[in-house]
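Descriptive structure summary
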Amino acid sequence: MATSFSSSTVHFLFLLLFVFISFSNAQPPTNAGIIFDLERDPSTLQYMVKIIQGTPQAEVKLVVDLAGGELPWFNCHEGYDSSSMEPIICTSPICFHADKPVGTCAEPDSETCSINVRNPVTRSIGQGELISDIVTVTSNPDSQATPVPSSRSFAFGCAASSNILAGLATTSKGVAGLGRASALSLPSQFADGFQFPNIFAVDLHDSIADEKVFETSGKIYFGGGPYIHFS
């Protein structure tokens, strides 16, 4: 026997179907991306990302390595004093992802996670250890997503000698590794720590009138856009 529906019943069923589809397609809220300032060194023309880290907070300039930097590293033995800096031990899962010298962590009583740090300019390799420290971040103010927490602890390489800094901008303390293939690169660590996409974008212009050759500052965005800023 055929069943008939009134217009009000059909309207109710349509509304119910619309609500069901809307909820089924709803995505969980995502966190906003974060922004750091960039500065170009006039002598080397290298761009440096300015990271606020440690306790008390200090600005650390790291040369941006877009090619294949596996992790951020800096010389933490000279001019850097942070009470929140801690060594990462060999048994930590984080140490497993690091590029380590042969024999590292082989001894049962070894504690410090010794690593290799790479200079992308001279292509030299130095020794260091893996540490963690607090990084204070700024959420993308133009994003409609949920702002990220202001700080988290992240892993860094601590170079054993200042000799590894050869060829880098004199005001820098190390290198910001942005390689996407590494679990310890800045994009990977930020994505995991703040729960946003593993992407980043670089903006080297302060305004549309800037000439690229004269540009000395900019922004780097992690986790998504919109990719705009005003000076």
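Residues numbered from 1 in each chain as written. Predicted model: local features only at pLDDT ≥ 70, side-chain atom pairs only at ≥ 80, totals over all residues. Heavy atoms only, no water.

Considerations on the state of the cysteines
Put simply, the rule is: Cysteine sulfur atoms that pair up within 2.5 Å are treated as a disulfide. Only DSSP runs of H or I covering at least 4 residues are called helices, and only runs of E covering at least 2 are called strands; the numbering of each starts at the N terminus. Buried means the residue's accessible area, taken with a 1.4 Å probe over protein chains only, is under 20% of the maximum for its type, while exposed means over 50%, and partly exposed covers the values in between.
On inspection of all chains with the given rule, the structure shows 3 disulfides. Here C76 pairs with C158 through a disulfide, and the sulfurs are 1.9 Å apart. Handedness of the C76-C158 disulfide follows from its S-S torsion of about -80 degrees: it is left-handed. With C76 in the loop between strand 4 (73-74) and strand 5 (86-87) and C158 in strand 9 (residues 151-159), the pair connects residues that are 82 residues apart, well separated along the chain. Each member of the pair, C76 as well as C158, is classed as buried. Sulfur-sulfur distance for the disulfide between C95 and C113 comes to 2.1 Å. Disulfide C95-C113: the torsion about the S-S bond is 90 degrees, which places it as right-handed. Of this pair, C95 sits in helix 2 (residues 93-96) while C113 sits in the loop between helix 2 and strand 6 (114-118), and the two are 18 residues apart along the sequence. Each of the two residues, C95 as well as C113, counts as buried. Here the chain pairs its bonded cysteines, counted in sequence order, in the arrangement 1-6, 2-4, 3-5.

What to know about the environment of I228
Rule in force here: The criterion used for residue contact is that any of the two residues' heavy atoms lie within 4.5 Å.
Inspection of the secondary structure assignment puts I228 in the segment after strand 12 (217-222). With 87 residues separating them along the chain, I228 and P141 place their C-alpha atoms 9.7 Å apart. When residues no more than four places from it in sequence are discounted, the contact partners of I228 are D142 and Y221.

Observations concerning the side chain of S84
Which entries qualify depends on this criterion: Think of a polar contact as two N or O atoms within 3.5 Å of one another; within protein, one of them needs to be a possible hydrogen donor and the other a possible acceptor, and neighboring residues in sequence only count if both atoms come from side chains.
Relative to the helices and strands, S84 resides in the loop between strand 4 and strand 5. A distance of 3.1 Å separates the side chain of S84 from the side chain of S82, its partner in a polar contact. Separated by 2.5 Å, the side chains of S84 and D133 make a polar contact. What S84 contacts, discounting residues up to four positions off in sequence, is G54, T55, S132, D133 and I134.

Here's the deal with the packing of aromatic side chains
Filter applied, for reference: Between the rings of Phe, Tyr and Trp (Trp by its six-membered ring), a pair exists once the centres lie within 6.5 Å; its type follows the angle of the planes, with under 30 degrees stacked, over 60 edge-to-face, and the other angles tilted.
Within the structure shown, the criterion is met by 11 aromatic pairs. Seen from their ring centres, F74 and F156 are 5.7 Å apart, and the 85 degrees between their planes marks the pair as edge-to-face. On the criterion of sequence distance, the pair formed by F74 in strand 4 and F156 in strand 9 is long-range, its members being 82 residues apart. Each member of the pair, F74 as well as F156, carries the same accessibility label: buried.

Some points on the nonpolar core
Worth spelling out the cut-off: Residues belong to a common nonpolar core when they are buried Ala, Val, Leu, Ile, Met, Phe, Trp, Tyr or Cys residues joined through side-chain atoms within 4.5 Å.
Of all hydrophobic cores here, the largest spans 28 residues; its most connected members are I34, F36, V49, F190 and F222. Elements that contribute at least two residues to this core include exactly strand 1 (34-40), strand 2 (47-53), strand 3 (58-65), strand 7 (125-136), strand 9, helix 3 (186-194) and strand 12. Counting residues per element, this core draws most heavily on helix 3, at 4 residues. Beyond its immediate chain neighbours, meaning those up to four positions away, F36 contacts V49, K50, I51, V135, T136, V137, F190, G218, K219, I220 and F222.

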